[in-house]
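Chains, contacts and geometry: an overview
For reference, the chains in residue letters:
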Amino acid sequence: MSHGAACDPTLMTDSSRFRCPACGFTVFNRRIAACESCKAPLPANLMFNGKELARLEEESARIAKIRADMAREAERLEEERQRRRGDGG
Ligand SMILES: [Zn+2]
């Protein structure tokens, strides 16, 4: 039995939602203010607005902080475990 998720029409529709009004090129990077194909300026409603951008930046900063905390915690636990192993006889 085989099923192709790549052919899912709902995914196709979603990925072709943002198009350049001048040439029809699909806009993947909505942080860039001009079409990557014809360099035509893109309408503001296609772009992330300042609020959305700020939220994205905040989210990535939050994730980076969580990752750093987890790495530090893992390091601490490993250190503790090694110390305990050294004590045991
Ligand atoms: Zn274009």
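The residue numbering used here restarts from 1 in each chain and proceeds along that chain's sequence as written. Given that this is a predicted model, residues contribute local features only at a pLDDT of at least 70 and side-chain atom pairs are listed and counted only at 80 or more, while totals for whole chains, interfaces and linings are drawn from all residues.

**Overview of the overall build of the protein**
Every helix listed is a DSSP run of H or I at least four residues long, and every strand listed is a run of E at least two residues long, numbered separately from the N terminus. Across its full length, the protein carries 2 helices and 0 strands. Note on burial: count the other C-beta atoms lying within 10 Å of the residue's C-beta; 20 or more is buried, 12 or fewer is exposed, in between is partly exposed, and C-beta positions come from the backbone. Looking at the protein as a whole, 2% of its 89 residues are labelled buried. Think of it this way: build a C-beta for each residue from its backbone, and any pair within 7 Å is a contact. For the protein, long-range pairs separated by at least 24 residues make up 2% of all intrachain contacts whose partners lie at least 6 apart in sequence.

**As for the environment of C20**
Along the chain, C20 turns up in the loop between α1 (9-15) and α2 (50-87). C20 gets classed as buried once you count the C-beta atoms within 10 Å, which come to 20. Residues within four places of C20 in sequence aside, it is in contact with F25, V27, C35, S37, C38, A40 and L42.

**Some words on the confidence of the model for the protein**
For every residue, the predictor assigns a confidence score, pLDDT, that lies between 0 and 100. For the protein, the mean per-residue pLDDT works out to 79, and 74% of the residues sit at or above 70. Low pLDDT, under 50, characterises residues 8-16; the stretch is placed with 2 contacts to residues that sit more than four places away or in other chains.

**Concerning unusual backbone geometry**
Located in the positive-phi region is K39, a residue other than glycine, with phi close to 65 degrees. Within the element layout of this structure, K39 appears in the loop between α1 and α2.

**Overview of the environment of A22**
Checked against the element boundaries, A22 lands in the loop between α1 and α2. On the basis of neighbour count, A22 is assigned to the partly exposed category, with 14 C-beta atoms found within 10 Å. Taking C-alpha positions, A22 is 9.3 Å from K39, a pair spaced 17 residues apart along the chain. If sequence neighbours within four positions are ignored, A22 has contacts with C35, C38 and A40.

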